[in-house]
Amino acid sequence: MRINLGYVAMSTIIKDCSPSKTVTVKSLEKIEDKEAKLFKLRSIAKANIQNTQRLFYHNKAHDIKVYRLTSKLIPLATHSITDEWDWFEDVRDDLKSLGEYAKENRFRISAHPDHFTLLNSPREEVLSASLKDLEYHYKVFKGMELDSSAKLVLHIGGGYKNKDKAIERFVSNFKALPQHLKNIIILENDDKTYTALEVLNICKKLKVPMVLDIHHHWCNNNGEDLLDLLEEIFETWMHESVPPKIHISSPKDDKSFRSHADDIEAKALLKFLNKAKVLDADFDAMIEAKNKDRALLNLMKDLSTVPEVKIIDQATIEY
DNA sequence: ACCTGTCAAGTCTGG
DNA sequence: CCAGACTTGACAGGT
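This section reports on the structure supplied with the text. The structure presented is a predicted model; accordingly, all values stated were derived computationally and were not measured.

### Quick notes on the overall build of chain A
Okay, step 1: Along its length, chain A carries eleven helices and ten strands.
Okay, step 2: The principal-axis extents of the C-alpha atoms in chain A amount to approximately 60 × 45 × 40 Å.
Okay, step 3: When each of the 319 residues of chain A is scored for burial, the buried share is 51%.
Okay, step 4: A separation of at least 24 residues holds for 77% of the contacts in chain A among residues at least 6 apart in sequence.
Okay, step 5: A total accessible area of about 15,400 Å² is found for chain A, and carbon and sulfur atoms account for 49% of it.
Okay, step 6: The distance from the centre of the 48 positive side-chain charges to the centre of the 50 negative ones in chain A is 2 Å.

This is the structure in structure tokens:
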């Protein structure tokens, strides 16, 4: 099986290349002139897109084909303070050429809205803010002219002291989403509330792909063996044009087991690969480590000494 | 150039 | 009902 590694949002290798620059509400409020305000926002947005383009060049140079966009590409995009700002119009051309490059190189692009984006909140205002945030992400993809292989990764949300009810709410709110959002949302197990098995069942019901997070599974499970779930998890991707995606991170230490370590422990990953190999399925693996792309390259280096691992390119292995 | 408190957003726990 | 933890890159103000 072939595994493509990717990383999240920013580089620890390329300096001064943040795609997530922003401005605080307070300092934006201090700017009196409306045009100056817009200029500030526009400049930041364009710089973020430009830096994302630089990351794309870097990714290409390192054979990295799997990448998660920052959710902060457009500063304060869903905050009411920017209601007057037509950001899409301002960065239309920038997004378009960014997307062209991504498509030319067959990058597999995803995004992961922040933990405030909750489809199962009982609070109306939380749900509507979440919808706004989902539409914002969709618009970025749309501006890049990506098709529905570009995905939005979401968690199920809070437990609200009644998980069954919370799942019901998730399902009915999901069903009520506009089709263009349903097409791109994929669901991930989390480290505290919704286990891989629970998310798998929801994914099967809603017919959406599931992202398996291995680290989250270690944190939050009811004793299920991943191998028993893996085939069905990968099956949720059956109708997609891209391979299944998993998330990989290593615990920081025993004390903060849920936190992400700087790098990825090759040993634990190999254990998973050894289990998964019976399925012989290709998949994408998103590296979630503090060292970001550096952690990816470090992991590749560690894997290169393992006899069962065949190095295909700088970010791809066969096992 | 470097340091530190603060930042749009939610949920959960404990008081 | 409210404060603090969670978690995290970047800002902003200060040295």
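And the narrative resumes.
### What about helix 4 (residues 124-143)?
Okay, step 1: Between its first and last C-alpha, helix 4 extends 29 Å over 20 residues, near the 28 Å set by a 1.5 Å rise per residue.
Okay, step 2: Here helix 4 has its buried residues at Val 126, Leu 127, Ser 130, Asp 133, Leu 134, Tyr 136, His 137, Val 140, Phe 141 and Gly 143.
Okay, step 3: Note on helix 4: the residue one or two positions beyond its end, Glu 145, has a positive phi of about 55°.

### Some details on helix 3 (residues 87-104)
Okay, step 1: Taking 1.5 Å per residue, 18 residues should reach 26 Å; helix 3 reaches 25 Å between its end C-alpha atoms and fits that length.
Okay, step 2: Within helix 3, the axis deviates most sharply at Asp 93, by approximately 45°.
Okay, step 3: What helix 3 keeps buried is the set Trp 87, Phe 88, Val 91, Leu 95, Leu 98, Gly 99, Tyr 101 and Ala 102.
Okay, step 4: In this structure, the buried residues of helix 3 make contact with helix 2 (34-61), strand 3 (108-111) and helix 4.
Okay, step 5: Backbone geometry just downstream of helix 3 places Arg 106 in the positive-phi region, at approximately 55°.

### As for the packing of aromatic side chains
Okay, step 1: Going through the model one piece at a time under the given rule, you end up with eleven aromatic pairs.
Okay, step 2: With centroids separated by 5.1 Å and ring planes inclined at 80°, the aromatic side chains of Tyr 57 and Tyr 101 adopt a geometry described as edge-to-face. Note that Tyr 57 is positioned in helix 2 and Tyr 101 in helix 3, a separation of 44 residues in sequence.
Okay, step 3: Here Tyr 57 falls in the partly exposed class, since its relative accessible area comes to 47%.
Okay, step 4: Centre to centre, the rings of Phe 272 and Phe 283 are 6.2 Å apart; their planes meet at 80°, and the pair counts as edge-to-face. Taken together, the residues Phe 272 in helix 10 (residues 266-276) and Phe 283 in strand 8 (residues 283-287) connect sequence positions eleven residues apart. By the burial criterion, Phe 272 is buried, and Phe 283 matches it.
Okay, step 5: Here a set of aromatic residues connected by ring pairs shows up, and it is made of Tyr 7, Phe 56, Tyr 57, Tyr 67, Tyr 101 and Phe 107.

### Section: the packing of helix 2 against helix 3
Okay, step 1: Put simply, helix 2 and helix 3 touch, their axes get as near as 10 Å, and they point 10° apart. By the angle between their axes, helix 2 is roughly parallel relative to helix 3. For the pair helix 2 and helix 3, the contacting residues are Arg 42, Ala 45, Lys 46, Ile 49, Thr 52, Gln 53, Phe 56, Tyr 57 and Lys 60 in the first and Asp 90, Val 91, Asp 94, Leu 95, Ser 97, Leu 98, Tyr 101 and Ala 102 in the second.

Cut-offs applied
Residues numbered from 1 in each chain as written. Chains lettered and ligands numbered in written order. Predicted model: local features only at pLDDT ≥ 70, side-chain atom pairs only at ≥ 80, totals over all residues. Heavy atoms only, no water. Helix = DSSP H or I, 4+ residues; strand = E, 2+ residues; numbered from the N terminus. Buried < 20%, exposed > 50% of the residue type's maximum accessible area, 1.4 Å probe, protein only. Contact = heavy atoms within 4.5 Å. Areas by Shrake-Rupley, 256 points an atom, 1.4 Å probe, with all protein chains shown as cover. Lys, Arg positive; Asp, Glu negative; His and termini not counted. Charge placed at Lys NZ, Arg CZ, Asp CG, Glu CD. Expected span 1.5 Å × (residues − 1). Bend = angle between axes of the 7 residues up to and from the residue. Phe/Tyr/Trp six-rings, centres within 6.5 Å; stacked < 30°, edge-to-face > 60°. Axes fitted to C-alpha atoms, helices over the stretch in contact; angles between N-to-C directions. Parallel < 35°, antiparallel > 145°, perpendicular 65-115°, else oblique.

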